[in-house]
Amino acid sequence: MIIDLRSDTVTIPTAEMKEAMFNAKVGDDVFEDDETVNNLEALGASLFGKEAAIYCPSGTMTNQIAIKLNTNAPGEIICDELSHVYKYEGGGIGFNSGLASKLLKGDNGRLTAAQIETAINPDDVHFPETQLVSLENTCNKGGGTIYELEEIKKINNLCSTKNLKLHLDGARIFNAIVEANYSTQDIGAQFNTISVCLSKGLGAPIGSLLLGTKTDIKKARRIRKLFGGGMRQAGYIAAAGIYALENNIERLKEDHNKAKQLGNALGGLSYVKKVLPVYTNIVVFEVVDEIDYSGIISKLEEKGLRSVAFGPQQIRLVTHLDFTDDMLTEAINILKSLA
Ligand SMILES: *Cc1c(COP(=O)(O)O)cnc(C)c1O
């Protein structure tokens, strides 16, 4: 048995999800007549109280489209130095949108309104014009941290006052929502655009949604085509997205519970220096200085537990839909066996 905790993207569609895909009514989505894609877009938009949505192949694409439609080069985006849009999207901010990036050091990936305010450039010809703020919730590189709604509201107010657009990289927004005291509607009300991944904890094989106003999503359709993301009978994969939204949100709590148990088990082990707080489905731990952490990753792999390197001496484990109770027991045994 291989227990794959490298990411929550490794899940395989269940029989029920495949059945939904198999039975999907499809058309040509570039002509906007694939009814399953249209239904998925309508479902995503209404869930967050947004006017419209567009279905794309990846979360990188929905983020990059959002950055482009919210800005006009030359200009600047403000985001956390750990954010996916900056760190893990191949330099797309500069390449796709011609923007400079103002990187801030947040609290494990979370920014405050006060911090953002000091980073807004003055109206001076030397500086790129600040145009967009991008937040990430939960924050992957921050170890699955969750924003407070109050802080998001403050940031939104600041952006409105300063005439800045506000984007959310909500690749794992549902992991935040099942833990926090706010709803999809609360989140929808705070952002101009929201990117939501269906292929992470929700368990769909492919796809992300970008949500926004009708005008924004019309622009997004043009940019998606430009980026090569216009798909034809995409309803077959969109059906998995609908299934995921209808069935796999509440159960994310189980992933969080398993992640906490992994975190607790790691706490006492001799090769573990520190376990970062577990907020959602991401567990990050640091290996003691004397032991090379890549050796730990290989030993875990040999015993059937897959993890990934996350930073200096850091290893990440991510729980997901295909990680069963039996696998949890086995994973804890494997982690303990190295001590
Ligand atoms: C996974 C992820 C994305 C999108 O990734 P794709 O692999 O392109 O779908 C965006 N933001 C965050 C925080 C992510 O974890």
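Residues numbered from 1 in each chain as written. Predicted model: local features only at pLDDT ≥ 70, side-chain atom pairs only at ≥ 80, totals over all residues. Heavy atoms only, no water.

(A) Geometry of the domain arrangement of the chain. Domain boundaries in the chain define domain 1 (15–247) and domain 2 (251–337). Spacing between the C-alpha centres of domain 1 and domain 2 amounts to 28 Å. Listed by partner, the interface residues are 18 residues for domain 1 and 14 residues for domain 2. Contact between domain 1 and domain 2 buries roughly 1,400 Å² in total, counting both sides, with carbon and sulfur atoms accounting for 55%. Seen at the junction of domain 1 and domain 2, the total is zero salt bridges. Inspection of the domain 1/domain 2 interface yields five residue pairs in polar contact (both at pLDDT 80 or more). Of the residues belonging to the side of domain 1 that touches domain 2, the class tally is four nonpolar, 10 polar and four charged. (Domains from an automatic or database assignment. Contact = heavy atoms within 4.5 Å. Buried area = accessible area lost by both parts, 1.4 Å probe. Salt bridge = Lys/Arg side-chain N within 4 Å of Asp/Glu carboxyl O. Polar contact = N/O pair within 3.5 Å; in protein donor to acceptor, adjacent residues only side chain to side chain. Nonpolar A, V, L, I, M, F, W, Y, C, P; charged D, E, K, R; others polar.)

(B) Examining the sheet that holds strand β13 (residues 314–318) more closely. Across the sheet, which stays open at both edges, the four strands sit in the order β9-β10-β13-β12 with antiparallel pairing between neighbours. Both edges of this open sheet fall to β9 (272–275) and β12 (308–311), since each of them pairs with a single strand only. Taken over all neighbouring pairs, the strand axes of this sheet differ in orientation by 35° on average, direction set aside. Across five bridges, strand β10 (residues 282–287) lies against β13 in antiparallel orientation. Bridging from a neighbouring strand, Phe285 pairs with Ile315 of β13. Seen against the sheet, helix α12 (residues 252–267) touches β9, β10 and β13 and runs at an angle of roughly 15° to β10. (Pairing = 2+ DSSP bridges. Helix = DSSP H or I, 4+ residues; strand = E, 2+ residues; numbered from the N terminus. Axes fitted to C-alpha atoms, helices over the stretch in contact; angles between N-to-C directions.)

(C) View of helix α13 (residues 293–302). Listing the buried residues of α13 in full gives Ile296, Ile297 and Leu300. End-on view of α13: buried residues confined to an arc of 100°, all on one side of the axis. Looking at the packing, one finds that the buried side of α13 touches β10, β11 (305–306), β12, β13 and α14 (325–337). Downstream of α13 by a residue or two, Gly304 has a phi angle that is positive, lying close to 100°. (Buried < 20%, exposed > 50% of the residue type's maximum accessible area, 1.4 Å probe, protein only. Arc of directions from axis to C-beta.)

(D) Representation of the state of the cysteines in the model. For the coordinates displayed, the defined rule picks out zero disulfides. In this structure Cys56 is a free cysteine whose sulfur lies 11 Å from that of Cys197, the closest cysteine sulfur available. (Disulfide = S-S within 2.5 Å.)

(E) Geometry of the nonpolar core. Ranked by size, the top nonpolar core spans 55 residues in total, and within it Tyr55, Leu135 and Ile187 carry the most contacts. If we ignore the near neighbours within four places in the chain, the residues touching Leu135 are Leu111, Ile116, Tyr147, Ile155, Leu166, His167, Leu168, Asp169 and Phe191. Ala265, Leu300, Met327 and Leu335 belong to the second largest nonpolar core, which has 27 residues in total. (Core = buried A, V, L, I, M, F, W, Y, C linked by side-chain atoms within 4.5 Å.)

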